[in-house]
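Structural description and commentary
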Amino acid sequence: MKTKMNFALVALVVFSSVFSYNFMPLNEGYSIGDYATDFKLKNIDGQMVSLSDYKNAKGFLIIFTCNSCPYAVAYEDRIIAIDKRYSRLGVPVIAINPNNPELQPKDSYDLMKVRAKEKGFTFPYLLDEKQEIYPQYGATRTPHVFLLEKTDNGNRVKYIGTIDDNYADETGVEEKFVENAVDAMLNGQPIQVETTRAIGCSIKA
Amino acid sequence: MVRVVICFLLAVTLGCKQKSQKIDETAKLRSIAKKDTTRLLESDGLTIEIFDFDELEPQLYQENDTTYIINFWATWCAPCVKELPYFEKINAEQKEENVKVILVSLDMPKMWKTQLIPFIKKKNIRSKVLILDDPKQNTWIPKVDANWSGGIPATLIYNNDKRILYEKSFEYDELIRELNTFK
């Protein structure tokens, strides 16, 4: 019996290693309904920012974004507009740069400050210095949005994905995924589209 | 216990087989109908076809003896640019072995003439380059692979028997190793 067990174990190990070798694992990180971790990350003004600082927030739009990715740049104005609209309603944008500046110098802390000033960012722009936060969320690219709802049990993930369905042309947008999700959340309604995908720049780790 | 493991193995293998998608006949037909109207980027002596996803899709489901390597990339994507020479090498060296590389550029329209064309010329790219211009990414990304989150570089390798999307960058040895699993 012991041999059998051993064989089974070996078979299982061999099989699982073959499996992970052949097939890319599903995105690790959060799924809809999970509770998201808080963090303490440095903002461009030198202050540390945590979700727990926002006593009156109803939720958060955590957006992993950066300076260097053309898709992130294409969405900058829309992110500012979303923050202006929803921070008033209790759902502020918190932008986090997940990239390692040593691998992508355009995403250095100093250049984050420069870009935020140029564009007039209305929201915190944090650096995931130790690159420990984005893997927990399961962000894979920039820009990558996570909508959280503040509940008594923690910040619950309500939407994961892209901002809308047309990065190239704002006037060609047919579905505003993020705005629809926040509106539904604030109205206590189910979110129709909870996850979306988009081409983005892989995070530089 | 052994039986359980074998059952598990079987179940997963069968599950995977079923996942290998069928050709979308409609997409194929639509593309043939559109053939005459394929958009072309002509610049600096180069001509590149510009596809939306419906037009590209048949290239992802060709049924013949060839193993296709479809690499999704862009000139602004540093890890993509780094691995391009590996795909070029394979395309050059394995033509006789029925391996074909197609480089699907996701460069944005404003970059086509200013970045993409000069890049292709400078690097003297020999593999086939196509442009995929289709902003409805949330619609087409899952059609390439159900598990692709949309990060690039991403590479689809497929033939009649097997189909895998790799959402990662490759080193040359690793790419060869993966490719060999298709032979």
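Just so it is clear, the structure is predicted and the values come from calculations on it, not from any experiment. (Residues numbered from 1 in each chain as written. Chains lettered and ligands numbered in written order. Predicted model: local features only at pLDDT ≥ 70, side-chain atom pairs only at ≥ 80, totals over all residues.)

**What about the overall build of chain B?**
Scanning chain B from N- to C-terminus turns up seven helices and eight strands. For chain B, contacts bridging at least 24 residues in sequence account for 70% of all contacts bridging at least 6. (Helix = DSSP H or I, 4+ residues; strand = E, 2+ residues; numbered from the N terminus. Contact = placed C-beta atoms within 7 Å.)

**A word on the overall build of chain A**
Counting secondary structure elements, chain A contains five helices and 10 strands. Of all 205 residues assigned to chain A, the portion counted as buried reaches 40%. Long-range contacts, defined here as pairs at least 24 residues apart, represent 72% of the contacts in chain A between residues at least 6 apart. (Buried ≥ 20, exposed ≤ 12 C-beta atoms within 10 Å, placed from the backbone.)

**With respect to the sheet that holds strand 5 (residues 128-132) of chain B**
Residues and elements named next belong to chain B. One open sheet holds the seven strands; their spatial order is 1-2-5-4-3-7-8, and the pairing between them is mixed. Here the strands that pair on one side only, and so sit at the sheet edges, are strand 1 (39-43) and strand 8 (163-166). Geometrically, the sheet is characterised by an average inter-axis angle of 25° between neighbouring strands, direction not taken into account. Here two bridges tie strand 2 (residues 46-51) to strand 5, and the two strands are oriented parallel to one another. Note that in strand 5 the partner of F51 across the bridge is L132. (Pairing = 2+ DSSP bridges. Axes fitted to C-alpha atoms, helices over the stretch in contact; angles between N-to-C directions.)

**A look at the environment of B:I120**
With respect to the helices and strands, B:I120 occurs in helix 5 (residues 109-123). Sequence-distant contacts of B:I120, that is, excluding residues within four places in its chain, are made with B:L46, B:I125 and B:V129.

**What to know about the packing of helix 4 (residues 78-93) of chain B against helix 7 (residues 172-180) of chain B**
When two helices pack together, their arrangement is captured by the angle between the axes and the distance separating the axes. Residue and element names in this part refer to chain B. As a packed pair, helix 4 and helix 7 sit with axes 9 Å apart at the nearest point and diverge in direction by 45°. One way to sum up the angle between helix 4 and helix 7 is to call them oblique. For the element pair helix 4 and helix 7, the recorded crossing hand is right-handed. Listed contacts from helix 7 to Y86, K89 and I90 of helix 4 are Y172, L175 and L179. (Parallel < 35°, antiparallel > 145°, perpendicular 65-115°, else oblique. Left-handed = near helix turned anticlockwise from the far one by under 90°.)

**Points about the sheet that holds strand 6 (residues 151-152) of chain B**
One key point about sheets: their strands pair by backbone hydrogen bonds, in either a parallel or an antiparallel sense. Pairing in this open sheet of three strands is mixed, and the strands run 7(A)-10(A)-6(B) from one edge to the other. Taken across any chain shown, the strands that pair with only one partner, and hence form the sheet edges, are strand 7 (141-142) of chain A together with strand 6 of chain B. In this sheet, strand 10 (residues 200-202) of chain A lies alongside strand 7 of chain A in antiparallel orientation, the contact comprising two bridges. Each bridged residue has a counterpart across the sheet, and for A:T142 the counterpart in strand 10 of chain A is A:C201.

**Things to note about the pairing of strand 2 of chain B**
Residues and elements named next belong to chain B. Pairing geometry for strand 1 and strand 2, over five bridges, is antiparallel. Pairing of S43 across the sheet is with L46, part of strand 2. In this structure, the hairpin formed by strand 1 and strand 2 is closed by a connection of two residues, where D44 is found at a positive phi of approximately 55°.

**Remarks on the confidence of the model for chain A**
Looking at chain A, the pLDDT average stands at 90 and 87% of residues meet or exceed 70. The model gives residues 12-27 of chain A a pLDDT under 50, and that stretch makes 13 contacts with residues more than four places away or in other chains. (pLDDT = per-residue confidence, 0-100.)

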